[in-house]
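# Tertiary structure, described
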Amino acid sequence: QVQLVESGGGLVQGGGSLRLSCAASGSIFSINGMGWYRQAPGKQRELVASINSGGSTYYEDSVKSRFTISRDNAKNKVYLQMNSLKPGDTGVYYCSANIRRTEMGVPLVYWGQGTQVTVSS
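The text that follows walks through the structure, step by step, so that each part is easy to find. (Residues numbered from 1 in each chain as written. Predicted model: local features only at pLDDT ≥ 70, side-chain atom pairs only at ≥ 80, totals over all residues. Heavy atoms only, no water.)

### Focus on unusual backbone geometry
Glycine aside, residues mostly have negative phi, and peptide bonds are mostly found in the trans state. This is how the line gets drawn: Note on conventions: DSSP H or I runs of at least 4 residues are helices, E runs of at least 2 residues are strands, and numbering of each starts at the N terminus.
Backbone geometry places Ser65, a non-glycine residue, at a positive phi of 75°. Tracing the backbone shows Ser65 in the loop between strand S6 (57–59) and strand S7 (67–72). With a phi close to 50°, Ser84 is a non-glycine residue in the positive phi region. Positionally, Ser84 belongs in the loop between strand S8 (77–82) and strand S9 (91–100).

### Thoughts on the sheet that holds S8
Quick note on the threshold: Pairing between strands is defined by DSSP: at least two bridges between them are needed. To define axes, lines are fitted to C-alpha atoms, for helices over the stretch in contact only, and angles between the resulting N-to-C directions are given on a 0 to 180 degree scale.
Ordered in space as S1-S3-S8-S7, the four strands form an open sheet in which the pairing is antiparallel. Strands with a single pairing partner mark the edges of an open sheet, and in this sheet they are strand S1 (2–7) and S7. Averaged over neighbouring strand pairs, the angle between their axes works out to 15° when direction is ignored.

### Focus: the pattern of salt bridges
The test is simple: Whenever a carboxyl oxygen of Asp or Glu lies within 4 Å of a side-chain nitrogen of Lys or Arg, that contact is scored as a salt bridge. Burial here depends on accessible area, computed with a 1.4 Å probe over protein chains only, as a share of the maximum for the residue type. Under 20% is buried, over 50% is exposed, and the range in between is partly exposed.
Counted by the stated rule, this structure contains four salt bridges. Residue Arg38 is joined to Glu46 by a salt bridge in which the shortest nitrogen-to-oxygen separation is 3.0 Å. Arg38 sits in the buried class, given a relative accessible area of 4%. Its relative accessible area of 32% is what places Glu46 among the partly exposed residues. Connected through shared salt-bridge partners, Arg38, Glu46, Arg66 and Asp89 make up one network.

### Concerning the packing of aromatic side chains
We apply this condition: Whether two aromatic rings pair depends on their centres lying within 6.5 Å, for rings of Phe, Tyr and Trp, where Trp uses its six-membered ring; planes under 30 degrees apart make the pair stacked, over 60 edge-to-face, and the rest tilted. Should the NZ of a Lys or the CZ of an Arg lie within 6 Å of a ring centre and within 35 degrees of the ring normal, that charge is described as sitting over the ring.
Scanning the model with the defined rule gives one aromatic pair in all. When the ring centre of Tyr94 is taken as origin, the NZ or CZ atom of Arg45, which lies over that ring, is 3.7 Å away. Positioned above the aromatic ring of Trp111, the side-chain terminus of Arg45 is 4.8 Å from the ring centre.

### With respect to the nonpolar core
Stated precisely, the cut-off is as follows: Throughout, nonpolar core names a set of buried Ala, Val, Leu, Ile, Met, Phe, Trp, Tyr and Cys residues whose side chains join them through atoms within 4.5 Å.
Counting residues in hydrophobic clusters, the biggest one holds 28 residues, and the most contacted among them are Trp36, Leu80, Met82 and Tyr93. Looking at this core, the elements that each hand over two or more residues are S1, strand S3 (18–26), strand S4 (30–39), strand S5 (46–51), S7, S8, S9 and strand S11 (115–120).

### What about the pairing of S8?
In terms of strand pairing, S3 meets S8 through six bridges, oriented antiparallel. In the sheet register, Ser21 faces S8, and the bridge partner there is Tyr79. Where S7 folds back onto S8 in an antiparallel hairpin, the turn is made up of four residues, including Asn76, whose phi is positive at roughly 55°.

As structure tokens, then:
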């Protein structure tokens, strides 16, 4: 079994900061890409930021220069530092990871349960 557990969400005023964490645990051989997705009320889930095993990153245009994704490969963790938060950043944030459970296994995508981020104006 593999489990992803997010933490760090909450309510913050516009302009504030939050740091999300996600820890992967269980039977893990290796983790390729890791990412954070956001789902706002009434909207589809969208990719906010991602990072591959080599450290290359991607950011959705609206969060560039405000959000920073990082990972700790030794601890199987990924983080999302969110600064200068705006009401439009409100949503449920989900952690995702592409995980190989054995050396010869096929990588599969796993999801966390989500953490709520609410930014007030």
